[in-house]
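Residue-level structure breakdown
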Amino acid sequence: MTTPKNVQVSGKQLEITQIRSTIGGKQNQKDTLRSLGLKHIGDSVVRSADAVTVGMINTVPHLVTVEEAK
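Cut-offs and rules
- Residues numbered from 1 in each chain as written.
- Predicted model: local features only at pLDDT ≥ 70, side-chain atom pairs only at ≥ 80, totals over all residues.
- Heavy atoms only, no water.
- Helix = DSSP H or I, 4+ residues; strand = E, 2+ residues; numbered from the N terminus.
- Buried < 20%, exposed > 50% of the residue type's maximum accessible area, 1.4 Å probe, protein only.
- Lys, Arg positive; Asp, Glu negative; His and termini not counted.
- Charge placed at Lys NZ, Arg CZ, Asp CG, Glu CD.
- Core = buried A, V, L, I, M, F, W, Y, C linked by side-chain atoms within 4.5 Å.
- Contact = heavy atoms within 4.5 Å.
- Pairing = 2+ DSSP bridges.
- Axes fitted to C-alpha atoms, helices over the stretch in contact; angles between N-to-C directions.

Take the overall build of the protein next. A tally of helices and strands in the protein yields 2 helices and 3 strands. Secondary structure elements of the protein, listed N to C terminal, follow the sequence β-α-β-α-β. With the C-alpha coordinates aligned to their principal axes, the bounding extent of the protein is approximately 35 × 20 × 20 Å. The burial tally for the protein puts 33% of its 70 residues in the buried class. Across the protein, the 9 positively charged side chains and the 6 negatively charged ones have centroids separated by 7 Å.

We now examine the nonpolar core. Among the nonpolar cores identified, the biggest contains 14 residues, and Leu 14, Ile 16, Leu 33, Leu 36, Leu 38, Ile 57 and Val 64 are the most heavily contacted of them. When contributions to this core are tallied by element, the ones reaching two or more residues are β1 (13-18), α1 (27-36) and α2 (51-59). In terms of residues, this core owes the most to one element, α2, which gives 3 residues. Beyond its immediate chain neighbours, meaning those up to four positions away, Leu 38 contacts Ile 16, Gln 18, Leu 33, Asp 43, Ser 44, Val 45 and Val 64.

So, on to the sheet that holds strand β2 (residues 44-48). Spatial ordering of the open sheet is given by β2-β1-β3, a layout of 3 strands whose pairing is antiparallel. Strands at the two margins of the open sheet, each flanked by one partner only, are β2 and β3 (64-68). Going from strand to strand, the sheet's axes swing by 25° on average, the running direction of each strand aside. The pairing of β1 with β2 spans 5 bridges and is classified as antiparallel. Looking across to β2, one finds that Leu 14 is bridged to Arg 47. Contacts from α1 reach β1, β2 and β3 within the one sheet, and its direction differs from that of β2 by about 80°. Lying on the sheet, α2 is in contact with β1, β2 and β3; it crosses β1 at an angle near 30°.

What follows is the structure, given as structure tokens:
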């Protein structure tokens, strides 16, 4: 399941997981995943839902899943 392009800025913590490969993808999408700290399929990071992070997530919604961190 992919993430819709409607992640909003908030004070919450988001758990971002890479679910698809960047092979064959555009360079800016590869750079965005690296900036988020994701290198391989299955990698997860926890980030705050600030404007920068939300913008990066909305750039690659088809490559990641986003859940609220516990």
